[in-house]
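What follows is each chain in one-letter form.
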Amino acid sequence: MSNRAFRNPHLYAKLVEFVDVDERAMNYPKSIWDPEDVREEWFADKIGAFLLCISLCSVAVNAGLLCCSMACDIDAVSLAF
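Please read all numbers here as calculations on a predicted model, not as lab measurements.

Participant: Honestly, helix α2 (residues 44-62) in this entry has me stumped. Any pointers?
Facilitator: An α-helix turns once every 3.6 residues. As a result, residues three or four positions apart point the same way. Over its 19 residues, α2 runs 27 Å from end to end, which matches the ideal 27 Å to within 8%, given 1.5 Å per residue. Those residues of α2 lying buried are F50, C57 and A60. Along the axis of α2, the buried residues cluster in a sector spanning 95°; they form a single face. Projecting away from the buried face of α2 at angles above 90 degrees are the exposed residues A44, D45, L51, V59 and N62. G64 occupies a position one or two residues after α2 and carries a positive phi of about 85°.

Participant: It is not clear to me how unusual backbone geometry should be interpreted in this structure. Could you clarify?
Facilitator: Where the residue is not glycine, phi is negative for most of them; where a peptide bond is considered, it is trans in most cases. Notably, D20 is not glycine yet its phi reads approximately 60°, a positive angle. Tracing the backbone shows D20 in the loop between α1 (11-19) and α2.

Criteria and cut-off values
Residues numbered from 1 in each chain as written. Predicted model: local features only at pLDDT ≥ 70, side-chain atom pairs only at ≥ 80, totals over all residues. Heavy atoms only, no water. Helix = DSSP H or I, 4+ residues; strand = E, 2+ residues; numbered from the N terminus. Expected span 1.5 Å × (residues − 1). Buried < 20%, exposed > 50% of the residue type's maximum accessible area, 1.4 Å probe, protein only. Arc of directions from axis to C-beta.

Below you can see the structure in the form of structure tokens.
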């Protein structure tokens, strides 16, 4: 590590580009895991909205504004997002 070139923070990006490496590649078959198959509900904003809905329903149930049977149905909420 005495070579100063290895201290360059941009070296990794340059090496990946030079060698043409797919950083997301793996040894699993695509039937097990496809890194390009990204679903909309996996994004942080969708997860946040889902958790907010569950939290608001919980607060409403605790405040007596909703009965337990009227509270958010997790399957219905996840389908909506």
